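Examining the three-dimensional arrangement
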Amino acid sequence: MKPFDVVDGLTVPLDRANVDTDAIIPKQFLKSIQRSGFGPNLFDEWRYLDVGQPGQDCSGRPKNPDFVLNQPRYQGAQVLLARDNFGCGSSREHAPWALEDYGFRVIIAPSFADIFFNNCFKNGLLPIRLDAVILDELFRQCETTEGYRLKVDLAAQTITRPDGEVIAFDVDPFRKECLLNGWDDIGLTLRHADKIRAFEEQRRAQHPYYYA
Amino acid sequence: MLPQTLYEKLWSSHVVHQEADGTALIYIDRHLVHEVTSPQAFEGLKLAGRKPWRVTSIVATADHNTPTDHWERGIEDPVSRQQVETLDANLREVGSLAYFPFMDARQGIIHVIGPENGTTLPGMTVVCGDSHTSTHGAFACLAHGIGTSEVEHVMATQCLLQKKSRTMLVQVDGQLGRGVTAKDVVLAIIGEIGTAGGTGYAIEFAGSAIRSLSMEGRMTVCNMAIEAGARAGLVAVDETTIDYLRDKPFSPRGVQWDAAVAYWKTLRSDEGAQFDKVVRIDASAIAPQVTWGTSPEMVTTVTGKVPDPARIDDPVKREGVERALKYMGLEANTPITEIAVQQVFIGSCTNSRIEDLREAAAVARGRRKADSVRRVLVVPGSGLVKQQAEAEGLDRIFIDAGFEWREPGCSMCLAMNADRLEPGEHCASTSNRNFEGRQGAGGRTHLVSPAMAAAAAVTGRFTDVRELSQ
Ligand code: SF4
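Since the model is a prediction, treat every value here as computed from it, not as a measurement.

1. Quick notes on the sheet that holds strand β5 (residues 149–153) of chain A
Residue and element names in this part refer to chain A. Overall, mixed pairing links the seven strands, which are arranged β4-β3-β2-β1-β5-β6-β7 in an open sheet. Where the open sheet ends on each side, the last strands, each with one partner, are β4 (126–129) and β7 (166–168). Averaged over all pairs of adjacent strands, the angle between strand axes in this sheet comes to 25°, irrespective of strand direction. Across three bridges, the pairing between strand β6 (residues 158–160) and β7 is antiparallel. Residue pairing across strands places Ile159 opposite Ile167, the latter belonging to β7.

What follows is the structure, given as structure tokens:
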């Protein structure tokens, strides 16, 4: 996993609540057996005017000019502002894969769906929960300021606005450490292999019917 | 000892290790696997030179991509076929407790086959790369969906990194009215608490109305816990649970069964256990539900109307409703019973079990699909459900009514296979998600119970099933 440290990124506002994983990456793209290449199909149904097919070259497809990601001023964005319950719906990790592949490193919303929130951390993507009132202000500034950038510092747990205002955010210490170091969860867990084995043996003795 | 909730009992009996900030390693008893969210995990495992920790925890099937008709032709879509063949190859290589491949007599939707084979047992932790894993919580399992990285993590370590959830009790007391089913109960709950209402919580469903439900009904309720934002739904063990599990293919037998049952009976919240949040619902006040929008919380009763955004003060909410109505092609204040449907889908891990098919058949019996309805798909959840339904003659009732009787699979729940809506079509669907494009690009999904779906099929529009049934 790519380590995360500081991202000073162009910011794009996606002003709708309950953005679900079907919207983030529609199902036809889940047929892939790869982990990469989902970026061109991020928000496919909103971004393009036609219906996308897996494996298709997206460069010539008609784009929806009204969709925020298509506006020239937001090209190359790395920070996504979103609304409540972002990432609700299915557990598909293809959603964070698509966001990451597109170039996003940070998503800021008042709330996230649990599974999506979890999946982000496994893919070098930082989801930040922020108070809705503070976020409203970011939305307002971002929409009215061309080239609006936010500087996100994970170690310091701060977001710095272009006007110098610093906003603190929370993150689980364990997740923070993993993300800062780009640690592989499996490797970390296997350091406890002996404990897992001991637990398993005891469980097998106590509840043999789970080990048919 | 302090009284404990069911969730706390399940949690504490699976903690292997805990970090200082509360992040815990949780031991996983059952790992359910399907073709969509597993290929990258198997590949990651192989690339890292790792072996699965305990292959006998794995129960697998192919369900999302598989066709529901013309099985003799195989899987015609080459991309889908590759995904299913990749699953076959992976399972052949690593092994499993049980694998029900495409066309196997016991193949079906992963959340249907787990319980019906007795591979989902009370007290287990159950995970699957699929958000509707919450279904299995109906058996007092700690069951939830995980992402593909976590699928790989569970395969390699038999554990999952987790933080403890908060606990919510949804207490549904009273008697359900005639024609009101488990699906209506859970839609009403979501309407009440919202799609993010359960975020960060594990929800325990309790109360006399939940107790009175069959296991099928409880699975329907827990299935949609995720639609209320909760990763896990739970129902305590009682005689209904134990009766269901007796003599299932993988259920314990003999003395093992007796020992298991003795333990399972402790799997309920203790008297006086504290929940972080409690929601009370009066079962007798619940009417048949229909969703009108693009999120499961956009729901009302069949006697209700589509809302009027002009009457909503919160601007974000108002805009959400406006956008949903535009997508759904609906005018504000339209009575639900005036919405016509062009397709009907009876199936999915929410409502494709035998009891669901019986409910739909009871309405379809002796009636005909309305001419204005283009297609009615009835898709059993598994090969075993299909067999049972055919033994009861339900297939005949559906076919006589002009419905299509299909092979098991996820089908038009998410339209990864050939079963899908055309743009603009309205569908009465027994599935769990009405998101934009879920059942086909531009398709308009209305979530309902199997009985309500059958009622829409025979009348061509949403109809109060209580007025139809004799
Ligand atoms: S039936 Fe639908 S919700 Fe259930 S597992 Fe299949 S696709 Fe997912």
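2. A look at the domain arrangement of chain B
Residue and element names in this part refer to chain B. Here chain B is described as being made up of domain 1 (6–163 + 238–264), domain 2 (166–226 + 269–285) and domain 3 (289–463). Summing both sides of the interface, domain 1 and domain 3 together bury roughly 1,900 Å²; the carbon and sulfur share of this comes to 59%. If you look at where domain 1 meets domain 3, you find one salt bridge. We note a salt bridge from Arg406 to Asp69, for which the minimum N-O separation is 3.8 Å. Our enumeration of links across domain 1 and domain 3 arrives at eleven residue pairs in polar contact (both at pLDDT 80 or more). Secondary structure elements with two or more residues in the side of domain 1 that touches domain 3: α3 (78–94) and α4 (110–116).

3. Regarding the site of the ligand
Residues and elements named next belong to chain B. The environment of the ligand is formed by His64, His111, Asp130, His132, Ser348, Cys349, Cys410, Cys413, Leu414, Asn432 and Arg438. Grouping the constituent residues of the shell around the ligand by class yields four nonpolar, five polar and two charged. Mapped onto the domain boundaries, the shell around the ligand takes at least three residues apiece from domain 1 (6–163 + 238–264) and domain 3 (289–463).

4. Considerations on the packing of aromatic side chains
Residue and element names in this part refer to chain A. Per the stated rule, a full pass over the model turns up 19 aromatic pairs over all chains. Centre to centre, the rings of Phe117 and Phe121 are 5.3 Å apart; their planes meet at 75°, and the pair counts as edge-to-face. Placement of both Phe117 and Phe121 in helix α4 (residues 114–121) is noted, with a separation of four residues, approximately one turn of the helix. The structure contains a cluster of three or more aromatic residues connected by ring pairs, namely Phe86, Phe112, Phe116, Phe117 and Phe121. Sitting above the plane of the Trp46 ring, Arg16 keeps its charged end 3.7 Å from the centroid.

5. Considerations on the pairing of strand β4 (residues 58–61) of chain B
All names here are of chain B. Burial along β4 is two-sided: the residues Ile58 and Ala60 and Val59 and Thr61 are all buried. Two elements, strand β3 (residues 30–33) and β4, share three bridges in a ladder whose sense is parallel. Residue Leu32 lies in a different strand from β4, and its bridge partner there is Val59. This β-α-β element, β3 to helix α2 (residues 39–47) to β4, shows right-handed connectivity. As defined by bridge partners, β4 adjoins strand β5 (residues 98–100) across three bridges and the pair is classed as parallel. For Thr61, the partnering residue across the bridge sits in β5 and is Phe100. In this fold, β4 hands off to α3, which returns the chain to β5; that crossover is right-handed.

6. With respect to the layout of surface pockets
The calculated volume of the second largest pocket comes to roughly 940 Å³. Around the second largest pocket sit 48 residues that line it, and Ala17(A), Asn18(A), Asp84(A), Glu297(B) and Val316(B) are the ones nearest its centre. Of all the elements in the fold, those that place two or more residues in the lining of the second largest pocket are α4 and α5 (132–144) of chain A together with α11 (315–328) of chain B. The element contributing the most residues to the lining of the second largest pocket is α11(B), with eight residues. Class assignment for the residues of the lining of the second largest pocket results in 21 nonpolar, 13 polar and 14 charged.

Each value, and the rule that gives it
- Residues numbered from 1 in each chain as written.
- Chains lettered and ligands numbered in written order.
- Predicted model: local features only at pLDDT ≥ 70, side-chain atom pairs only at ≥ 80, totals over all residues.
- Heavy atoms only, no water.
- Pairing = 2+ DSSP bridges.
- Helix = DSSP H or I, 4+ residues; strand = E, 2+ residues; numbered from the N terminus.
- Axes fitted to C-alpha atoms, helices over the stretch in contact; angles between N-to-C directions.
- Domains from an automatic or database assignment.
- Buried area = accessible area lost by both parts, 1.4 Å probe.
- Salt bridge = Lys/Arg side-chain N within 4 Å of Asp/Glu carboxyl O.
- Polar contact = N/O pair within 3.5 Å; in protein donor to acceptor, adjacent residues only side chain to side chain.
- Near = heavy atom within 4 Å.
- Nonpolar A, V, L, I, M, F, W, Y, C, P; charged D, E, K, R; others polar.
- Phe/Tyr/Trp six-rings, centres within 6.5 Å; stacked < 30°, edge-to-face > 60°.
- Lys NZ or Arg CZ within 6 Å of the ring centre and 35° of its normal.
- Buried < 20%, exposed > 50% of the residue type's maximum accessible area, 1.4 Å probe, protein only.
- Right-handed = clockwise from strand over helix to strand, strands pointing away.
- 1 Å grid on protein atoms, 1.4 Å probe; cavity = no way out; pocket = protein on both sides within 12 Å on 5 of 7 lines; lining within 4 Å.
- Points joined across faces, edges and corners; volume = space filled by probe spheres on them.

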